[in-house]
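Below are the chains, spelled out letter by letter.
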Amino acid sequence: MLQSRVTNRTTGERNFHIFYQLLSGADIQLLKSLKLQRNIDKYELLKNSFANEDDRTNFTFTKRSLEILGFGQDEIFSIFTILAVVLKLGNLTFIPTTNIDGSEGCEISNEYELDEIAQLLQLDNQMLFNCLTRLGDNWAQLEPDGTEIDASYASRIKFTLCRTLYGRLFTWIVTRVNDALKLKTGGTVSSRGKTIGLLDFYGFEALEKNTFDQFAINYCNERLQQHFIKSVLKHQQDLYVNEGLDWIRIDFFDNAPICELIDKPCFGILHLLDEPQVVNDGLLLTRLHQCCAGHTNFLARDATLPSNCFQVRHFEGPVVYTTNGFTEKNLDLLPRHISSCLFQSDLLIASCLFPEGNPKRHSNRKPSSLSNNLRTSLQTLLKLLEQRSNHYIFCIKPNELKQAKMFEHGLVQHQVRYLCLMPLINLWRNGHCFNMVHARFVARYKLLCQYTWPHFTGTIVDGVALIIRSVPLPGAEFTIGRKKVFIRSPRTVYELDEFRKVRLNELAVLIQKTYRCYTKRKRFLTLRHSQLIIASYWRTWREREKIRLVEFRKQALWAVQVIGRFFVLLKTREFLLTLLLRLPHDNMSPICHDWPSSPTFLAETSQLLRTIFHRWRCYKYRKSFDQPARNRMREKVTASIIFKDRKVSYPRSVAHPFHGDYIRLRQNIQWKRVSCEHNDQYVVFADIINKIARSSGKFIPILLVISTNSMLLLDQKTMQIKYRIPASEIYRMSLSPYFDDIAVIHIRADNYCSSNMSDRSESPTGCLFQSEIGKKKGDFVFQTAHSIEIVTKLFLVIQNATAKSPEVTISTDFEANFGGQTVIFTFKCGGLVDNPYNQTRVTRKGNRMEVIV
């Protein structure tokens with residue numbers, strides 16, 4: 001029921017605060033981009049309300065909070081865009097019209113608002129207009145054959161769209177916040193250990209006119225009150241009886257019949273709302289008379305009630321509900337064609353809010369009603385509460401005027417009565433505030449008794465009795481049940497824990513004292529023994545060292561002088577004589593930067609020799625080139641221009657020459673016969689590679705041949721041409737920046753040549769040759785260890801054939817065309833758990849193809 005306030009506000013109530021914060025706190029540039037104005041009276045959803053001074057400051061806090069929780073700037077702008085769309089949708093005004101055939105239709109008076117909404121949602125304005133003014137069985141029939149709707153029905157659809165947009169945006173933000181909190185705290189809730197949850201629930205609503213909204217709120221209160229009665233008043237008293245304690249049951253009001261009246265299967269009010277035959281409020285009231293008339297907490301036909309109302313006696317008191325709008329609000333569903341329209345929006349968040357609009361997820365299942373969703377959500381909440389240790393805080397409303405220091409006796413007494421606070425007080429006054437299992441009680445408090453600490457061999461019950469007698473507390477405060485020990489007052493529990501803390505401190509001090517005494521004495525004895533030995537040896541060594549040091553200084557001074565003279569001569573001779581031997585094995589390569597190290601005093605000489613040697617080997621390297629070598633160098637230079645600092649695997653390919661024909665295809669007689677027919681005699685590249693299937697991502701071996709005119713894919717056994725793509729039809733090649741060997745060859749949308757087994761013709765040589773016909777197959781995906789060589793050679797072939805360089809895309813995400821369908825390639829770098837050899841894995845998921853490297 002959260003989103004109902006967007007379009008339905010009570011008198012004196014504001015709409016959701018974010019609308020006022022956005023209009024008051026956003027800067028002029030943001031408001032202009034959202035096509036909003038700062039005046040709240042310009043918007044029908046905010047009229048007759050007011051903005052606070054704190055809205056401007058709170059907008060800054062809200063935006064900063066979204067940034068801290070991990071929302072990007074694009075996502076934050078998308079959130080504000082949806083809020084702006086909700087405000088502007090509320091301003092749309094529908095004018096009734098009459099068509100030529102006499103049917104009623106409608107037009108939009110303020111079409112400029114519709115145009116701005118379409119711009120914000122990044123939709124075609126005519127498409128949005130058709131969605132709001134027409135109704136069709138499906139999206140395809142909406143434009144030509146859609147039925148025009150009247151102005152009142154169009155207004156209802158408009159308000160339903162406002163509520164749905166806000167409600168789904170709220171749910172999406174909550175989901176993102178929960179995911180961000182899980183990520184910041186290290187995983188799921190179970191991995192974080194103990195948690196504290198706070199459920200803040202509003203009280204009953206009994207207004208002058210109560211509708212479906214108040215009925216849903218009051219039903220939730222009934223169920224939570226039932227949970228409180230069951231988990232506290234009833235469960236606690238049953239525990240006393242089962243444990244054999246002397247106990248007189250305390251009477252309390254049980255609202256189980258009221259809950260049964262509302263959600264009983266088949267005959268409850270919520271179930272009657274979902275019956276197929278209940279299509280309006282009158283039929284709903286009739287079904288209520290038939291199924292609930294005999295219930296003690298239900299009243300429908302009475303002289304004091306209007307004809308369209310019924311009364312439910314809640315645990316707080318009777319509430320009269322009017323059935324007007326019950327069935328409409330229960331089935332407040334957005335037409336399917338609007339979801340399909342919004343799913344086509346280019347806005348970042350729109351497709352996420354309307355996943356049912358995806359044509360691939362089309363389903364004929366009827367959407368769930370609000371009553372069914374409410375009942376399911378509440379059951380899930382109650383199951384979660386049953387698994388937790390719950391503490392309850394009841395808030396008493398002192399007066400109806402909302403004034404301080406003023407208590408209305410009757411109002412407070414009424415709340416104390418219907419909240420069952422008096423039975424609860426009697427339960428805690430006459431009962432016990434704390435209980436614990438026998439074994440756990442002994443394990444926790446056995447250190448308080450000298451007979452149970454540190455080990456106790458008797459029965460558990462005897463141990464409990466000994467502990468109770470040993471503590472200086474009244475024995476009447478303790479009661480031993482069949483399985484648990486009960487303590488009457490909270491003060492006793494507090495004093496018992498204080499005794500335990502004092503005892504733990506004493507035991508800790510005793511352990512520390514004993515351990516420190518042991519370690520200090522052991523260390524003292526070890527140090528004293530070591531000191532005596534060290535002192536005797538040190539005196540002897542000190543005298544001998546003095547004599548040795550004097551003699552050594554005289555000899556060292558003479559030796560240093562002699563060695564210093566010969567060392568310089570020796571190092572100079574050694575450097576010059578061994579310089580040739582210490583050169584690296586690939587010293588004739590111009591890219592070799594290795595040079596033997598030299599002494600510090602020969603650094604300048606070494607640098608001069610290095611410069612002379614580099615110039616000489618560059619000269620020798622240039623003289624050794626012939627024309628084929630220059631061509632290979634051109635290919636290497638081209639590969640460097642394309643891949644250097646863009647693909648991680650490129651440095652590995654630098655040292656390996658491009659051989660081109662890896663399978664010696666040029667000497668193949670069958671190839672010579674086939675290539676003559678298409679003028680593809682000169683082979684630039686030929687090898688058996690893996691072609692990746694477009695549908696499943698599987699690897700299929702195939703023979704790839706690149707000639708000076710085209711790229712050919714042949715069967716590796718029969719040499720049959722499966723695909724022949726002229727070089728002019730290849731306009732782009734895409735790779736990832738990782739270590740993978742996958743390349744995508746993009747083909748123009750025009751037809752290219754493909755083989756067809758059903759069309760054969762006899763070649764002039766007497767062999768059967770498959771005729772080439774055009775088919776739209778889309779782009780090709782290859783996997784080979786020579787991906788860099790293939791892309792480089794294709795680059796040069798296309799450049800020579802078209803006099804224009806093709807585009808080479810290196811990115812983790814790019815698009816590919818598979819037979820008219822656009823597929824997004826996504827490369828992810830990371831080890832696979834089920835892939836110990838870290839091989840590339842390709843999977844197809846809808847219109848996405850993931851490549852995990």
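Residues numbered from 1 in each chain as written. Predicted model: local features only at pLDDT ≥ 70, side-chain atom pairs only at ≥ 80, totals over all residues. Heavy atoms only, no water.

Taking an unreviewed UniProt entry as the reference, the chain is identified by name as Myosin motor domain-containing protein belonging to Anopheles farauti. The annotation that UniProt attaches to the chain under Sequence similarities (unreviewed entry) is "Belongs to the TRAFAC class myosin-kinesin ATPase superfamily. Myosin family." (UniProt positions renumbered as here; feature names shortened; annotations may be inferred.)

### Considerations on the side chain of S606
As for its position among the elements, S606 is in helix α22 (residues 603–623). Every residue in contact with S606, bar those within four places of it in the chain, is listed here: F575, W595, P596 and S598. (Helix = DSSP H or I, 4+ residues; strand = E, 2+ residues; numbered from the N terminus. Contact = heavy atoms within 4.5 Å.)

### A closer look at a nonpolar patch on the surface
On the surface, I563, F567, V568 and F601 cluster together to form a nonpolar patch covering roughly 370 Å² of accessible area. Among the secondary structure elements, F601 is positioned in the loop between α21 (490–578) and α22. Note on F601: relative accessible area 42%, which makes it partly exposed. (Patch = residues over 30% accessible without salt bridge, like charges linked within 9 Å, V, L, I, M, F, W, Y side chains within 5 Å. Areas by Shrake-Rupley, 256 points an atom, 1.4 Å probe, with all protein chains shown as cover. Salt bridge = Lys/Arg side-chain N within 4 Å of Asp/Glu carboxyl O. Buried < 20%, exposed > 50% of the residue type's maximum accessible area, 1.4 Å probe, protein only.)

### Some remarks on the environment of S340
Topologically, S340 is positioned in helix α14 (residues 336–343). By relative accessible area, S340 is classed as buried at 14%. Spatially, the C-alpha atoms of S340 and G778 are 28 Å apart, while their sequence positions differ by 438 residues.

### Section: the packing of aromatic side chains
Applying the stated criterion across every chain, the model contains 19 aromatic pairs. Between F613 and W616, the aromatic rings sit 5.9 Å apart at their centres with planes inclined by 40 degrees, giving tilted as the arrangement. On the criterion of helical spacing, the pair formed by F613 and W616 is a turn pair, its members being 3 residues apart in helix α22. Its relative accessible area of 16% is what places F613 among the buried residues. Accessibility expressed as a relative area gives 41% for W616, which makes it partly exposed. One Lys or Arg, K158, reaches over the ring of F159 and ends 4.4 Å from the middle of that ring. In this structure, K636 is placed above the aromatic ring of F658, and the distance from its NZ or CZ to the ring centre is 4.1 Å. (Phe/Tyr/Trp six-rings, centres within 6.5 Å; stacked < 30°, edge-to-face > 60°. Lys NZ or Arg CZ within 6 Å of the ring centre and 35° of its normal.)

### Section: the pattern of salt bridges
Here the structure, examined in full by the defined rule, presents 21 salt bridges. Close ionic contact of R548 with E545 constitutes a salt bridge, the shortest N to O distance being 2.4 Å. Here E545 and R548 lie together in helix α21, a separation of 3 residues that amounts to about one turn. On the basis of relative accessible area, R548 is assigned to the partly exposed category, the value being 44%. The salt bridge involving E635 is made with K793; its shortest N-O contact spans 3.0 Å. With E635 in helix α23 (residues 627–643) and K793 in helix α26 (residues 787–802), the pair connects residues that are 158 residues apart, well separated along the chain. The pair formed by E635 and K793 is uniform in burial state, with each residue classed as buried. Residues joined by salt bridges that share partners form a network here, namely K88, E113 and E116.

### So, a negative patch on the surface
Side chains of D101, E107, E111 and E148 sit close together on the surface and give a patch of like negative charge. On the secondary structure map, E148 appears in strand β4 (residues 147–148). (Lys, Arg positive; Asp, Glu negative; His and termini not counted. Charge placed at Lys NZ, Arg CZ, Asp CG, Glu CD.)

### So, the sheet that holds strand β8 (residues 434–437)
Taken together, 3 strands build an open sheet; the order of strands is β8-β10-β9 and the sheet is antiparallel. Of all strands in the sheet, those bounded by a partner on one side alone are β8 and β9 (478–480). If you compare each strand with its neighbour and ignore which way they point, the axes differ by 20 degrees on average. Of the pairings in the sheet, the one linking β9 to strand β10 (residues 484–487) comprises 3 bridges and is antiparallel in character. (Pairing = 2+ DSSP bridges. Axes fitted to C-alpha atoms, helices over the stretch in contact; angles between N-to-C directions.)

### Considering the domain arrangement of the chain
Interface size, as often reported, equals the accessible area lost upon joining of the parts. The assigned domain composition of the chain is domain 1 (3–179 + 346–361), domain 2 (212–324 + 382–426), domain 3 (432–575), domain 4 (583–623) and domain 5 (637–749 + 774–852). Its C-alpha centre places domain 3 at a distance of 67 Å from the equivalent point of domain 5. (Domains from an automatic or database assignment.)

### Here's the deal with the state of the cysteines
Applying the stated criterion across every chain yields a total of 0 disulfides. Looking at the unpaired C592, the closest cysteine sulfur is the one in C618, lying at 11 Å. By relative accessible area, which is 6% here, C592 ends up buried. (Disulfide = S-S within 2.5 Å.)

### So, the nonpolar core
Of all hydrophobic cores here, the largest spans 63 residues; its most connected members are L36, F80, L89 and L161. Non-local contacts of F80, meaning those with residues more than four positions away in its chain, are made with L22, L30, L34 and F59. Counting 39 residues, the second largest nonpolar core, distinct from the first, contains L224, I258, I262 and L385. (Core = buried A, V, L, I, M, F, W, Y, C linked by side-chain atoms within 4.5 Å.)

### Observations concerning the pairing of strand β16 (residues 742–747)
Buried residues dominate β16, accounting for 6 of its 6 residues. Residues of β16 alternate between two faces, with I742, V744 and H746 on one and A743, I745 and I747 on the opposite face, all of them buried. Direction of pairing for strand β15 (residues 730–735) relative to β16: antiparallel, over a ladder of 5 bridges. Residue pairing for β16: S734 is matched across the bridge by V744. The turn linking β15 back onto β16 is made up of 6 residues. Both β16 and strand β19 (residues 780–783) contribute to a ladder of 4 bridges, which runs antiparallel. Counted as the bridge partner of V744 is V781 from β19.

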